[in-house]
Amino acid sequence: MLVHGVVTSRLRVFGAAFWASAAVAAPAPAEELTLADLIGHPEATFRSHDGRVEFSDFEFEAARGVFAFPENDSVRVIPAARATGGFVLEGAYQALNGVRMAGTLSFTATAVDEMPFNLAWLQLGTPAAFGFSVGPSARQEPSYVSLIETLTALEGGATFRLATLHDAAGDGTSFVSSPLNPDLFGSPLRVSQEIELQSVRGDGPSVAILSSHAFGLTVVPEPGTALLLLAAGCVGAAKLRRRRSR
């Protein structure tokens, strides 16, 4: 009876600990906002799907003379699971027959646990570009979709840039990622995304379309999390050694 009671007690403790850790680890359900909810509202904030990064202080500035951007209330901001540490921006971005669309979306990214950032990534979602024009030098200029992101540490001023490109010639890449130096890219960061779509004016139809883009940051693991992962690895290695020795 004593042995049974001890085992039962340990199972209860283990079960409580398991469900408590599961509750902590489970990400909050994704909320859906629009740029209209964020731009011009300094108090507006939301967190990434994994809960580790908070976003605030949204601003948007269109390039001079460009009026083709969709309305802010029609552009959705979604902290989806596939954008760990970031969010997905969905909107009807399109430029037709010689129209150029260009503007900069800026916001602040803050690590909730105050740890620094060690990775940034950026991805275009189903971009499309069609059409060429011939310039004065007889060189063909393709329509394109371009996204350039600049990360600036608010303390220390370190900067880093990521660039994606999709054009009618098939050049460029729609996904980029790069490690960040945690000693330089502490929290918070100011992020600026330069979005540009160019449909060239040629003999035939021309179009540049971007349905969405996703952005994300990875936060350096907390010391407790890192130790837990290390311990799990050690347990796995010990089990493997025992199996081999049998």
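Scroll up to find the structure.
Residues numbered from 1 in each chain as written. Predicted model: local features only at pLDDT ≥ 70, side-chain atom pairs only at ≥ 80, totals over all residues. Heavy atoms only, no water.

**Remarks on the nonpolar core**
Grouped together as the largest cluster of nonpolar side chains are 45 residues, with contacts concentrated most on F55, F58, Y93 and L197. When contributions to this core are tallied by element, the ones reaching two or more residues are helix 2 (35-38), strand 3 (53-62), strand 5 (86-96), strand 6 (100-111), strand 7 (117-125), strand 11 (144-153), strand 14 (189-198) and strand 15 (207-219). Those residues in contact with F58, other than ones at most four positions away along the chain, are L38, I39, G40, F46, F87, L105, S106 and F107. (Core = buried A, V, L, I, M, F, W, Y, C linked by side-chain atoms within 4.5 Å. Buried < 20%, exposed > 50% of the residue type's maximum accessible area, 1.4 Å probe, protein only. Helix = DSSP H or I, 4+ residues; strand = E, 2+ residues; numbered from the N terminus. Contact = heavy atoms within 4.5 Å.)

**With respect to the pattern of salt bridges**
Tallied over the entire structure, the rule returns 6 salt bridges. Across the salt bridge formed by R47 and E54, the nearest N and O atoms sit 3.5 Å from each other. When its relative accessible area of 40% is taken as the criterion, R47 is described as partly exposed. With relative accessibility at 26%, the residue E54 sits in the partly exposed group. Between R100 and E196 there is a salt bridge, with the nearest N and O atoms lying 3.0 Å from each other. Of this pair, R100 sits in strand 6 while E196 sits in strand 14, and the two are 96 residues apart along the sequence. Take R100: its relative accessible area is 36%, and that puts it in the partly exposed class. For E196, a relative accessible area of 21% translates into the label partly exposed. (Salt bridge = Lys/Arg side-chain N within 4 Å of Asp/Glu carboxyl O.)

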